[in-house]
Amino acid sequence: MTCASCAARVEKKLNRMDGVTATVNYATEKAKVGYDAGVAVGDLIATVEATGYTAALPPPPAEKSPAGRSPGAAGAPGPAPQDAPDRQLTALRQRLTTAVVLALPVIVLAMVPALQFDNWQWLSLTLAAPVVTYVGWPFHRAAWTNLRHGAATMDTLVSVGTLAAFGWSLWALFFGDAGMAGMTDSFRLTVSRSDGGGQIYLEAASGVTAFILAGRYFEARAKRRAGAALRALLELGARDVAVLRGEREVRVPVGELAVGDAFVVRPGEKIATDGLVRDGTSAVDASMLTGESVPVEVGPGDRVTGATVNAGGRLVVEATRIGADTQLARMARMVEDAQNGKAAAQRLADRISAVFVPVVIALALGTLAVWLGLGEGPQAAFTAAVAVLIIACPCALGLATPTALLVGTGRGAQLGILIKGPEVLESTRAVDTVVLDKTGTVTTGAMALRSVLVAGGVEEREALRLAGALEHASEHPIARAIAAGAAERVGELPGVEGFRNLPGLGVEGEVAGRSVLVGRERLLTGRGMPLPAELAQAKAAAEAGGGTAVVVAWDGAARAVLVVADAVKEGSAEAVRRLRALGLRPVLLTGDNAAVAAAVAAEVGIAVEDVHAEVLPEDKVAVVRGLQDQGRTVAMVGDGVNDAAALAQADLGLAMGTGTDAAIEAGDLTLVRGDLRVAADAIRLARRTLTTIKANLFWAFAYNVAALPLAAAGLLNPMIAGAAMAFSSVFVVANSLRLRRFAPLAR
């Protein structure tokens, strides 16, 4: 395909097939097709070929390694998928070099009468002929192909315009007076009414070809840069892996790895695929996937992601996902799907570009007829008609949305923000309310020791040492939180003797020669150890603030109260401030009790009237729908299976990448890192991308609307028209590339 009109034609033909829905993207040169069971893929390809183009199926995901390459012979990597664009760029560069070298003297001779020696026009013809024929051949070939299929595209305009200028020049040279020795050209590089006194248009024919080819070359190069983020994502994966076969390590290509295989990752190596750490501890650098600069500590039982880098010790990892199922592959798939989609504004541009070319040809013929009817002479009429043909090429319309999407979604992937599709961008503009799930989104979803309250004369360190040692022997989540908090604050914990679990009450045992009880208040009162007034008040206050209070006793008396709670994530409060700064009203949604919800809301800065507590999973959708019924446009941020329906119901769903697959599938945006602060960056990026698309479309429309009347009025020389048309496409792509500089807010 060579322009937006090509994409529109292919899309129209595919959608005319029964049971087929297709979206064709000019920038990515891909079609995304949905079809019924009765439709054969061969029929789809045949339809594209009957339209005058070629098509092929992409290789199945199973045939790709995580690096995004198809395996070649003996498991060696095959040719990279970007080889074809590289060849296309090389061919364009060769043609452009030829065009510049040959066309420049023609243009200079036409512009500077002082350089026009006797018979200069024949030298111009000699230099211009290869430019119009060889260099411009892709335009002419595409125009002929389209003509055979009864269609017209941008190439039709370029081909007709340049051939008309060249043909007129040939006629003037061989059958008119332009071939006479001593002829001079009155070419003026000005925007003013021209009487067409110059009888040859070789500078226009060769100059327009060179300018448009230059625009197409820079456009192709910029499109390649725009898609660089996705290619970089696909190439992150490891090439081979050391698999454990018994006690031996066998290095094999990543494509041969199977679920359940154990493999070794040494310091500095990439982790081959998603898995669980079986043995070893290390720090894993996931910055290339999540944008998080600080390595994450991992140990036995922790999940690791393929393509991340082992920055510390030796790890043995059990593969849990391979190939197309890995997080890297899913990220790449989501980015590519987003880049292949179309925003509402682009669908409008496609419809316009589909009818634009025939209208322009009619306008050019009308311009020719009107000028001839006004008696202005054939040269002036011809000049205006050619300028109309050339100025109207609708390249910028076709590139406005796809290039911005390519760059925006690619930059998002680099920052750990996955945008599912262009329709998401439309949603971010209107969102005014953001609903935040509490557990796993605003909070860590894991219990942590928050505070230690001791009776008079008791040392906090002693209470933590005894309670932590006893709880270390328990598997209960609250016990693990206390043991972890105690170990962090006091260091190594003593051993336990006579440990006994008391279901529903707590635990007891001997620690350092002391009989210790840890658990509910009922456990102590049942043993005749009531809480002192100061501890009872502290316990009541902790529970009112949303914490879980655990009582500690030893030597026959209650000595301390430990407060455990779901810890608020670092950065959640800052995230809420940033969301407010974007004009969003934050709402907290949780199944926890009102006291816990109020405490978390107060900590992160959410108003109490915007807290919805004790909400059952099935009722979360009702809360979102209720806000929508109030006229609000709602974004929802969640991470669990119980959030999936609410994410789907919301106008914009943001799924935490650390959450469940169900939530990620239901969301419109995925925040790979699971940091709520990234939600503000995601909305900023989406809005910035949408603004760029609108600016691109405005420029493309405004350019054509303003330039066509000027050309029809004879106020644009065809060569100026060609340069301006090429510049419009380059401008649109360059404007989109500014999104590569999008920076997240400081952490």
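Residue numbering note: each chain is counted from 1, following its sequence as written. Per-residue local features are limited, in this predicted model, to residues with pLDDT of at least 70; the limit for side-chain atom pairs, both in listing and counting, is 80 or more; totals at the level of whole chains, interfaces and linings are taken over all residues. Side-chain metrics rest on all non-hydrogen atoms present in the structure, leaving aside hydrogens and water.

**Q** Help me understand the overall build of the protein, please; the structure alone is not making it clear to me.
**A** A helix here means a DSSP run of H or I that spans at least four residues, while a strand means a run of E at least two residues long, and both kinds are numbered starting from the N terminus. Scanning the protein from N- to C-terminus turns up 26 helices and 24 strands. For the exposure calls, accessible area comes from a 1.4 Å probe over protein chains only, and a residue counts as buried if that area is under 20% of its type's maximum, exposed if over 50%, partly exposed in between. Going through the 747 residues of the protein one by one, you find that 52% of them count as buried. Within the protein, contacts between residues at least 6 apart in sequence are counted, and of these 69% link residues at least 24 apart. Throughout, a contact is declared for two residues whenever any of their heavy atoms are within 4.5 Å.

**Q** Would you explain the pairing of strand β18 (residues 548–554) in this entry?
**A** Look at any regular strand and the pattern is simple: side chains alternate between the two faces of the sheet. Of all 7 residues making up β18, 6 are buried, and the element is well covered by its neighbours. The criterion for strand pairing is that DSSP finds at least two bridges linking the strands in question. Pairing between strand β17 (residues 514–519) and β18: 4 bridges, direction antiparallel. Residue pairing in the sheet places valine 518 in a bridge with valine 552 of β18. Sheet topology places β18 next to strand β19 (residues 557–568); 7 bridges connect them, and they run antiparallel. Counted as the bridge partner of alanine 553 is alanine 558 from β19. The turn joining β18 and β19, which pair antiparallel and follow one another in sequence, is formed by 2 residues; a positive phi near 55° is taken by aspartate 555.

**Q** Please explain the environment of valine 160 as it appears in this structure.
**A** Looking at the element boundaries, valine 160 is found in helix α6 (residues 154–175). On the basis of relative accessibility, which here comes to 40%, the residue valine 160 falls in the partly exposed class. As a C-alpha pair, valine 160 and alanine 143 span 17 residues in sequence and 8.4 Å in three-dimensional space.

**Q** How should the packing of aromatic side chains be read in this particular structure?
**A** Remark: the centre distance and the inter-plane angle together describe each pair of aromatic rings, the angle taken between the planes. Two aromatic rings from Phe, Tyr or Trp, using only the six-membered ring of Trp, form a pair when their centres are within 6.5 Å; if the ring planes differ by under 30 degrees the pair is stacked, by over 60 it is edge-to-face, and anything between is tilted. Overall, the coordinates contain 2 aromatic pairs when judged by the stated rule. Ring plane angle 40° and centroid distance 4.6 Å describe the contact between tryptophan 699 and phenylalanine 731, whose orientation is recorded as tilted. Here tryptophan 699, found in helix α25 (residues 677–712), pairs with phenylalanine 731, found in helix α26 (residues 718–737); they are 32 residues apart in sequence, far enough to count as distant. The rule is short: NZ of Lys or CZ of Arg within 6 Å of the ring centre and within 35 degrees of the ring normal puts a charge over the ring. Sitting above the plane of the tyrosine 134 ring, arginine 95 keeps its charged end 4.6 Å from the centroid.

**Q** What should I look at first to understand the sheet that holds strand β7 (residues 282–285) in this one?
**A** Backbone hydrogen bonds are what pair the strands of a sheet, in a parallel or an antiparallel way. Spatially, the 3 strands line up as an open sheet ordered β8-β7-β10, and their pairing is antiparallel. Single-partner strands in this sheet number two, and they are β8 (296–298) and β10 (309–310). Of the strand pairs in this sheet, β7 and β8 are connected by 3 bridges, and their pairing is antiparallel. Each bridged residue has a counterpart across the sheet, and for serine 282 the counterpart in β8 is valine 298.

**Q** I'm lost on the nonpolar core in this one. Help?
**A** As a rule of thumb, nonpolar side chains are buried together in soluble globular proteins. Residues belong to a common nonpolar core when they are buried Ala, Val, Leu, Ile, Met, Phe, Trp, Tyr or Cys residues joined through side-chain atoms within 4.5 Å. Core analysis: the biggest nonpolar cluster contains 48 residues, and Leu436, Ile606, Leu654 and Leu669 have the highest contact counts within it. Here this core takes 10 residues from α25, the largest share from any one element. With sequence-adjacent residues up to four places away left out, leucine 654 is seen in contact with Ala635, Met636, Val637, Gly638, Leu647, Leu669, Leu671, Ala679, Ala682 and Ile683. Judged by nonpolar contacts, the second largest core, of 40 residues, contains Ala467, Leu502, Val518 and Val550.

**Q** Which parts of the structure should I look at to understand the pattern of salt bridges?
**A** Side-chain pairing between opposite charges can occur once the charged atoms of the two side chains come close. Salt bridge, as used here, is a side-chain nitrogen of Lys or Arg placed within 4 Å of a carboxyl oxygen of Asp or Glu. Enumeration according to the criterion identifies 19 salt bridges in this entry. Two residues, glutamate 508 and arginine 500, come together in a salt bridge whose shortest N-O distance is 2.4 Å. Its salt-bridge partner being arginine 578, residue glutamate 574 comes within 3.0 Å of it at the nearest N-O pair. Note that glutamate 574 and arginine 578 are positioned in helix α20 (residues 572–581) at a spacing of 4 residues, about one turn of the helix.

**Q** Got a minute to help me understand a nonpolar patch on the surface in this structure?
**A** Where nonpolar side chains cluster on the molecular surface, the patch consists of Leu104, Val108, Met111, Val112 and Leu115 and spans about 380 Å² of accessible area. Structurally, the position occupied by leucine 104 is in helix α3 (residues 83–111). Surface patches are drawn from residues lacking salt bridges whose relative accessible area is over 30%; two like charges belong together within 9 Å, two nonpolar side chains (Val, Leu, Ile, Met, Phe, Trp, Tyr) within 5 Å. Using the Shrake-Rupley algorithm and a 1.4 Å probe, accessible areas are obtained, with residue cover drawn only from the displayed protein chains.

**Q** Explain unusual backbone geometry here, please?
**A** Excluding glycine, a negative phi dihedral is what most residues carry, and trans is how most peptide bonds are arranged. The phi torsion at alanine 307 lies on the positive side, around 85°, for a residue other than glycine. Positionally, alanine 307 belongs in the loop between β9 (303–304) and β10. Classification of alanine 307 by relative accessible area gives buried; the value is 0%. Even without being a glycine, aspartate 555 presents a positive backbone phi close to 55°. Along the chain, aspartate 555 turns up in the loop between β18 and β19. The partly exposed category is assigned to aspartate 555, whose relative accessible area is 45%.

**Q** Before we go on, may I ask you to explain the sheet that holds strand β12 (residues 417–419) in this structure?
**A** The sheet built from 7 strands is open, its strands ordered β12-β24-β23-β22-β13-β20-β21 with mixed pairing. With one partner strand each, in any of the chains shown, β12 and β21 (611–612) form the two edges of the open sheet. Taken together, the 3 bridges between strand β23 (residues 652–656) and strand β24 (residues 669–671) define a ladder with parallel strand orientation. Directly across from methionine 656, in β24, lies its bridge partner leucine 671.

**Q** I tried to follow the packing of helix α4 (residues 120–135) against helix α5 (residues 137–148) on my own but got confused; where do I start?
**A** The axes of two packed helices give the description: the angle between them and the distance between them. At a minimum axis separation of 5 Å, α4 and α5 run at an interaxial angle of 45°. Relative to α5, the element α4 is oriented oblique. Of α5, the residues touching α4 (which contributes Val132, Thr133, Tyr134 and Val135) are Trp137, Pro138 and His140. Partitioning the contact of α4 with α5 into residue classes produces 5 nonpolar, 2 polar and no charged. Helix axes are fitted only over the stretch in contact, all axes being lines through C-alpha atoms; the angle between N-to-C directions runs from 0 to 180 degrees. If an angle is under 35 degrees, it is roughly parallel; if it is over 145, roughly antiparallel; if it lies from 65 to 115, roughly perpendicular; otherwise it is oblique. Residue polarity is assigned by list, with Asp, Glu, Lys and Arg as charged and Ala, Val, Leu, Ile, Met, Phe, Trp, Tyr, Cys and Pro as nonpolar; anything else, Gly included, falls into the polar class.

**Q** Honestly, the confidence of the model for the protein in this entry has me stumped. Any pointers?
**A** Any region with low pLDDT has predicted coordinates that should not be read closely. Averaged over every residue, the pLDDT of the protein is 78; residues scoring 70 or more account for 80%. A residue's pLDDT is simply how confident the predictor is in it, with values from 0 to 100. Counting interchain partners and residues more than four positions distant, the pLDDT-below-50 stretch residues 61–82 has 33 contacts.

**Q** Looking at this structure, how should I read the packing of helix α16 (residues 460–471) against helix α17 (residues 477–490)?
**A** The geometry of α16 relative to α17 is characterised by a closest axis approach of 8 Å and an angle of 135° between their N-to-C directions. Here α16 lies oblique to α17, going by the angle between them. Once α16 is placed against α17, the crossing between them reads as left-handed. Together, Glu460, Arg461, Leu464, Arg465, Ala467, Gly468 and Glu471 of α16 and Ala479, Ile482, Ala483, Ala486, Arg489 and Val490 of α17 make up the contact between the two elements. Classifying every residue of the contact of α16 with α17 gives 7 nonpolar, 1 polar and 5 charged. Two helices crossing with the near one rotated counterclockwise from the far one by less than a right angle form a left-handed crossing, whereas a clockwise rotation gives a right-handed crossing.

**Q** Explain α17 to me, please; I cannot follow it from the model alone.
**A** Residues lying three or four places apart along an α-helix face the same way, a consequence of the helix completing one turn every 3.6 residues. To estimate how far a helix should reach, multiply one less than its number of residues by 1.5 Å. Its 14 residues give α17 an end-to-end C-alpha distance of 20 Å, which sits within 8% of 20 Å, the value for a rise of 1.5 Å per residue. Within the span of α17, buried status applies to Ile478, Ala479, Ala481, Ile482, Ala483, Gly485, Ala486 and Val490. Just downstream of α17 lies glycine 491, where phi reads positive at about 90°.

**Q** When you look at the UniProt feature "transmembrane region" (unreviewed entry) in the protein in this model, what are you seeing that I'm missing?
**A** UniProt positions are given in the numbering used here, feature names are shortened, and annotations may be inferred rather than shown by experiment. Per the UniProt entry, the sites bearing "transmembrane region" (unreviewed entry) are residues 96–114, 120–137, 157–180, 200–218, 352–374, 380–407, 695–713 and 719–737 in this numbering. Regarding residues 695–713, the helix share stands at 95% and the strand share at 0%, and the terminal C-alpha atoms are separated by 27 Å.

**Q** Would you mind going over the side chain of asparagine 696 with me for this structure?
**A** Take asparagine 696: it is sitting in helix α25. Of note is the side chain of asparagine 696, whose polar atom sits 2.8 Å from the side chain of asparagine 735. Asparagine 696 has contacts with Ala400, Thr403, Ala404, Val732, Asn735 and Ser736, leaving out every residue within four places of it along the chain. Contacts described as polar in this section are N or O atom pairs within 3.5 Å, which, within protein, must combine one atom able to donate a hydrogen with one able to accept it, while residues neighboring in sequence count only if both atoms come from side chains.

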